[in-house]
Amino acid sequence: MMIVKKRWSSMRWKIVFIYFLLVFIATTIIGVFIMSQLEAHYKNSIRDNNSDTVQTLLASFQGYENLKNHQEEIQSNIVSWSKGVQQEIFVVDDDFTILASNNENHVLKSAVELLDQSIILSGLGGDIDEAEGILKAQNKDIPVINMVFPIGDEDQIKGVLYLREDMTSVYETIDQSKFIFVQAMAIALLITVVLGFLIARSITVPINDVTEKAEKMAQGDFSQEVSVKSDDEIGRLAEMFNLLRKQLNLTLSEISNEKSKLETILKYMADGLIAVNLSGHIIHANAAAMTMLNITGEDMDKKHYDEIIRVYNENLIFEKLRENSKDGGVADVFLYGGSTFAVRYDRFKDENAQDVGIIMILQDITERQKLENMQMDFVANVSHELKTPLTTIKSYTETLLCGQVDDQETTMQFLDIIDTEADRMNRLVKDLLQLSRLDYQQEKWYKKESNLISLLKAVVTKVELTAKNKNQHLNYIFDENQRILTVIDKDGIEQVLLNVLSNAIKYTQEGGRIDIDALQSGKDAQLIIADNGIGIPEKELSRVFERFFRVDKARSRGMGGTGLGLAISKQIIEEHHGSIEIESKEGKGTKVIITLPLSHARGRKNIE
Ligand code: ADP
C-alpha cells in the first residue's frame with residue numbers, strides 16, 4: 001500500500017492554496033468592483049431623480065425677490081408638493097434660517113444645528129452639492145444623503161433648496177448584495193478547494209508513486225515498476241523512471257557480476273594482492289596475501305600497512321612504494337623466512353587521474369626457484385654422468401688408435417672397458433628417456449589384474465644368481481601359493497622390484513641376508529624387501545628418491561648404478577596409485593615397503 005506523507009508543505013496543499021488564493025483574489029476584486037458600482041448606481045439614481053424633481057420647485061421660487069417675504073407661500077407649496085415624497089425638503093434662507101420644510105417642526109429654525117452647513121455654504125455659493133451624513137435619531141443612527149440646490153441666479157443667490165434622503169434602504173440593499181456575494185464567494189472557494197484538491201491529487205499521486213519507488217530503489221530494491229496511466233508529462237516521468245530503473249538494474253547487475261568475478265579471481269588467485277590507500281591503510285588483501293603476510297582481517301582493520309610490511313622488508317613501506325612507483329610499476333624480489341617473494345606494485349588512480357593508493361602483487365617464487373635450481377642441477381648431473389664414460393671411451397679408443405697396444409689381451413681388455421662404459425651410457429640414456437616419458441605422461445601402461453606373488457617369484461629368480469655370487473641369502477617370507485591380486489602394468493612393477501632387489505643385493509655385503517615378503521593389509525598389497533646391508537645415513541634418507549642422488553657416488557657408479565633407479569620406481573608406483581617408502585639405519589640395513597591397491601578395491605574395469 002502506498003504511504004503518502006500528508007504534510008502541509010506538500011505539493012498537493014500548495015496547489016490547493018494557490019487555487020484558493022487565485023479565486024479569492026479574483027472574486028474579491030470582482031466583489032469590490034461590483035459593490036462600488038452598485039453603490040454608485042444607487043446614489044446616481046437618487047441624485048438624478050432628485051435633480052429632476054426639484055427643478056419644478058426651483059422654478060416656482062423664481063418670481064420671489066426675497067424668500068422671507070414669501071415664507072408662508074413657500075411653506076404651503078412645499079407641503080403640498082411633498083405629499084407622498086420620502087425625502088425631507090428644506091428651504092434655507094441666506095441667513096441659515098429654515099423658511100420652509102415638509103417637516104414642520106424645523107420651520108423657522110436655524111439650519112446651523114439641523115443641517116449640513118458646509119453644503120449649504122456651497123449652495124449659497126451657487127453650486128449644487130451633496131454630502132452623506134448620519135442623522136442621529138432617538139435610538140439609532142440613520143444614514144442620509146444631503147443635497148443642496150441654489151435658489152436664484154448665479155449673481156443673486158437667495159437661498160438654497162435642501163433635500164435630505166434616508167439611505168437606509170439603499171445601504172440595506174447593498175449590504176444584502178454584499179452578503180449574497182460573500183456567500184457566492186464562499187461556495188466558489190469551497191468548490192475551488194475541492195476541485196483543487198482533486199486536480200492536485202491527480203498530479204501528486206503519480207509523483208508520490210515515483211518518489212516512493214525511487215526511495216525503495218535507493219534502498220536497493222530494483223523490482224519497483226511505476227504504472228504509466230497517462231501520456232502527459234507525468235506519464236513521461238513514470239515512463240522515464242521505469243526506463244531508468246531497467247537501465248540501472250542492468251548496469252548494477254553487470255557491475256555486481258564483474259565484482260563477483262573479480263572477487264572470485266582475487267580469492268582463488270595464487271598471487272597475493274594488497275591495495276593500500278593514501279593514508280596507508282590496507283583496503284583490500286586477498287586470501288593468498290593474508291596467508292603470505294600471516295595477517296587476519298582484524299589486523300587489516302587495526303594495523304597500519306607499514307606496521308605489517310616492515311617485518312618482512314623495510315624497503316616496502318608505503319612512502320618508499322610511492323616514491324619508487326612515481327614513474328610506473330616496479331618489480332622486486334625479497335627473501336623472508338627461507339622463502340623467496342617476487343613483488344610488483346604500482347599506483348592506482350581514480351577517474352580524475354588522482355592517486356588513490358598502491359596495488360601490490362606478491363608472489364611466493366620459492367618453489368619456482370627450487371624447480372629452476374633443480375633443472376640446472378639436473379642438466380649439470382646429466383652432463384657429468386655422460387662425461388665420465390665418454391672420457392673413458394675416448395681415452396681408450398685414442399690409445400688403441402695410436403697403435404701403442406699390440407698384444408691381443410690388452411686390446412680385448414680395453415675394448416671390454418669401452419663396451420662397459422657404452423653400456424653405462426646406454427643405461428643412463430634409457431633411464432633418462434624413461435623419466436622424461438614419465439614426466440610428460442607419455443609412458444604407455446598395460447594394466448591388468450595380476451598376481452603379485454607370481455611376479456615377485458619371477459623377479460627373484462632373475463636376481464637369485466647375483467645374490468648367490470655374493471653368498472647372500474634370499475629369505476622368502478611370503479606364502480608362495482598365496483594370490484595377491486592387483487591391477488598393474490607387469491613390466492613397470494617388475495622394473496621397480498628388480499631395482500629394489502638389486503639395490504638390496506648391491507648395498508649388502510657378501511654373506512648378507514635379504515628378506516622378501518608380500519602381504520595384504522586392508523585394501524592394499526604390500527611388498528617388503530629388507531636387507532642387512534650398509535644402510536643409508538639418516539640425513540640422506542629423505543633424498544634417496546631424488547634424481548641422481550647416491551649416498552656414495554663412486555661406489556654406486558662402480559656397481560653400474562645411475563642414481564635414477566629409485567626416482568623412476570617412485571614415479572611408476574605413483575602411476576599405480578601406490579606408494580614406496582624406505583626405512584634405513586646406517587650399518588644395520590634397509591627396508592623398502594611398496595604399497596599397491598588390491599584389485600577388488602579399485603574395481604575390475606581394466607582387468608583381463
Ligand atoms: P643407484 O643406481 O645408485 O642404485 P638408486 O636410485 O637405485 O640409484 O638408489 C639411490 C641411492 O640410494 C643409492 O646410490 C644408494 O646410495 C642408496 N640405496 C638404495 N637402496 C639401498 C639399500 N638397499 N641399501 C643402502 N643404500 C641404498
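The rules behind these values
Residues numbered from 1 in each chain as written. Predicted model: local features only at pLDDT ≥ 70, side-chain atom pairs only at ≥ 80, totals over all residues. Heavy atoms only, no water. Buried < 20%, exposed > 50% of the residue type's maximum accessible area, 1.4 Å probe, protein only. Helix = DSSP H or I, 4+ residues; strand = E, 2+ residues; numbered from the N terminus. Pairing = 2+ DSSP bridges. Near = heavy atom within 4 Å. Polar contact = N/O pair within 3.5 Å; in protein donor to acceptor, adjacent residues only side chain to side chain. Areas by Shrake-Rupley, 256 points an atom, 1.4 Å probe, with all protein chains shown as cover. Nonpolar A, V, L, I, M, F, W, Y, C, P; charged D, E, K, R; others polar. Phe/Tyr/Trp six-rings, centres within 6.5 Å; stacked < 30°, edge-to-face > 60°. Lys NZ or Arg CZ within 6 Å of the ring centre and 35° of its normal. Axes fitted to C-alpha atoms, helices over the stretch in contact; angles between N-to-C directions. Contact = heavy atoms within 4.5 Å. 1 Å grid on protein atoms, 1.4 Å probe; cavity = no way out; pocket = protein on both sides within 12 Å on 5 of 7 lines; lining within 4 Å. Points joined across faces, edges and corners; volume = space filled by probe spheres on them. Domains from an automatic or database assignment. Patch = residues over 30% accessible without salt bridge, like charges linked within 9 Å, V, L, I, M, F, W, Y side chains within 5 Å. Salt bridge = Lys/Arg side-chain N within 4 Å of Asp/Glu carboxyl O. Parallel < 35°, antiparallel > 145°, perpendicular 65-115°, else oblique. Left-handed = near helix turned anticlockwise from the far one by under 90°. Lys, Arg positive; Asp, Glu negative; His and termini not counted. Charge placed at Lys NZ, Arg CZ, Asp CG, Glu CD.

Asks: Kindly report on the pairing of strand 16 (residues 579–585), identifying the contributing residues and their values.
Replies: What you see with strand 16 is a clean split: Ile-580, Ile-582 and Ser-584 sit on the buried side and Ser-579, Glu-581, Glu-583 and Lys-585 on the side with no burial. By the bridge criterion, seven bridges tie strand 16 to strand 17 (residues 589–597) in an arrangement that is antiparallel. Bridging from a neighbouring strand, Ser-579 pairs with Thr-595 of strand 17. A loop of three residues connects strand 16 with strand 17, the two strands running antiparallel in sequence, and Gly-587 in this loop sits at a positive phi of about 80°.

Asks: Can you lay out the site of the ligand for me, pointing to particular residues and giving the numbers?
Replies: What surrounds the ligand is a group of 20 residues, the closest being Asn-503, Tyr-507, Asp-531, Ser-556 and Leu-566. Between the ligand and the protein, one listed contact pairs an oxygen atom with a side-chain N or O atom of Lys-506 at 3.1 Å. Within the contact set of the ligand, an oxygen atom lies 2.8 Å away from a backbone nitrogen or oxygen of Leu-566. Look at the ligand: alone it shows 530 Å² of surface, and the protein chains cover 97% of it. For the shell around the ligand, the secondary structure elements donating two or more residues are helix 14 (490–506) and helix 17 (565–575). It is helix 14 that contributes the most residues to the shell around the ligand, four residues altogether. Split into classes, the residues belonging to the shell around the ligand amount to eight nonpolar, nine polar and three charged.

Asks: Tell me about the packing of aromatic side chains, residues and numbers included.
Replies: Under the defined criterion, the tally for this structure stands at nine aromatic pairs. Here the aromatic rings of Tyr-476 and Phe-478 are separated by 6.0 Å at their centres, their planes lie at 45°, and the arrangement is tilted. Residue classification places Tyr-476 among the partly exposed positions, given a relative accessible area of 30%. Over the face of the ring belonging to Phe-545 we find Lys-570, whose NZ or CZ atom lies 5.5 Å from the ring centre.

Asks: Help me get a handle on the sheet that holds strand 4 (residues 141–152), residues and values and all.
Replies: In space, the five strands of this open sheet follow the order 2-1-5-4-3, with antiparallel pairing throughout. In the strand order of this sheet, the two ends are held by strand 2 (98–101) and strand 3 (129–136), each with one partner. Geometrically, the sheet is characterised by an average inter-axis angle of 25° between neighbouring strands, direction not taken into account. Relative to strand 4, helix 1 (residues 11–60) is tilted by about 40°, and along the sheet it contacts strand 1 (88–93), strand 3, strand 4 and strand 5 (157–166).

Asks: With reference to specific residues and values, describe the sheet that holds strand 9 (residues 339–349).
Replies: Across a sheet, strands are paired by hydrogen bonds formed along the backbone, either parallel or antiparallel in direction. The strand order across the open sheet formed by five strands is 7-6-10-9-8, and the pairing between neighbours is antiparallel. Edge positions in the sheet fall to strand 7 (282–285) and strand 8 (330–336), since each has one partner strand and no second. Strand-to-strand twist of the sheet, defined as the mean angle between neighbouring strand axes without regard to direction, takes the value 20°. In the sheet, strand 9 pairs with strand 10 (residues 355–364) via nine bridges, with the strands oriented antiparallel. Note on strand 10: the bridge partner recorded for Asp-346 is Ile-359.

Asks: I'd like a rundown of the layout of surface pockets, residues and numbers included.
Replies: If you add up the space inside the largest pocket, you get close to 1,000 Å³. In terms of lining residues, the largest pocket is bounded by 43 residues, among which Asn-499, Asn-503, Lys-506, Tyr-507 and Gly-565 are the most central. When residues in the lining of the largest pocket are grouped by element, the largest group, nine residues, is from helix 14. Of the residues in the lining of the largest pocket, the class split is 19 nonpolar, 14 polar and ten charged. Residue contributions to the lining of the largest pocket reach at least three from each of two domains, namely domain 3 (381–439) and domain 4 (447–597).

Asks: Can you break down a nonpolar patch on the surface residue by residue, with the values?
Replies: A cluster of nonpolar residues, Phe-17, Ile-18, Leu-21, Leu-22, Phe-24, Ile-25 and Ile-29, forms a patch on the protein surface that exposes about 670 Å² of accessible area. Within the secondary structure, Leu-21 sits in helix 1. Taking the relative accessible area as the measure of exposure, Leu-21 reaches 37% and is therefore partly exposed.

Asks: Tell me about the packing of helix 13 (residues 452–469) against helix 14, and please be specific about residues and values.
Replies: Helix packing for two helices is described by the angle between their axes and how far apart those axes are. The contact between helix 13 and helix 14 brings their axes to 10 Å, and the two run at 40°. Viewed along their axes, helix 13 and helix 14 adopt a mutual orientation that is oblique. Crossing handedness for the pair helix 13 and helix 14: right-handed. Counted together, Leu-452, Leu-455, Leu-456, Val-459, Val-460, Lys-462, Val-463, Thr-466 and Ala-467 of helix 13 and Lys-490, Ile-493, Glu-494, Leu-497, Leu-498, Leu-501 and Ile-505 of helix 14 form the full contact between these two elements. Across the contact of helix 13 with helix 14, the residue classes tally to twelve nonpolar, one polar and three charged.

Asks: Got a sec to walk through the pattern of salt bridges? Specific residues and values, please.
Replies: Under the defined criterion, the tally for this structure stands at 30 salt bridges. For Lys-349, the salt bridge is made with Asp-355, and the minimal N-O distance between the two is 2.8 Å. Taking relative accessible area as the criterion, Asp-355 reaches 18% and is therefore assigned buried. Linked through salt bridges whose partners overlap, the residues forming this network are Arg-322, Arg-347, Lys-349 and Asp-355.

Asks: Outline the side chain of Thr-97, supporting the account with residue identities and numerical values.
Replies: Relative to the helices and strands, Thr-97 is located in the loop between strand 1 and strand 2. Given a relative accessible area of 18%, Thr-97 falls into the buried group. Looking at Thr-97, its side chain comes within polar contact range of the side chain of Asp-95, at 2.8 Å. With residues near it in sequence (within four places) discarded, Thr-97 still touches Val-91, Val-92, Leu-108 and Lys-109.

Asks: Could you give an account of a negative patch on the surface, with specific residues and numbers?
Replies: On the surface, Asp-127, Asp-153, Glu-154 and Asp-155 cluster together into a negatively charged patch. Within the fold, Asp-155 resides in the loop between strand 4 and strand 5.

Asks: Which residues make up the environment of Leu-115, and what values go with them?
Replies: Relative to the assigned elements, Leu-115 resides in the loop between helix 3 (111–114) and helix 4 (117–124). On the accessibility criterion, Leu-115 (6% relative accessible area) is buried. Measuring from C-alpha to C-alpha, the distance between Leu-115 and Ala-59 comes to 23 Å, with 56 residues separating the pair along the chain. Not counting the four nearest positions on each side in its chain, Leu-115 is found in contact with Phe-90, Val-92, Ile-98, Ile-120, Tyr-162 and Arg-164.

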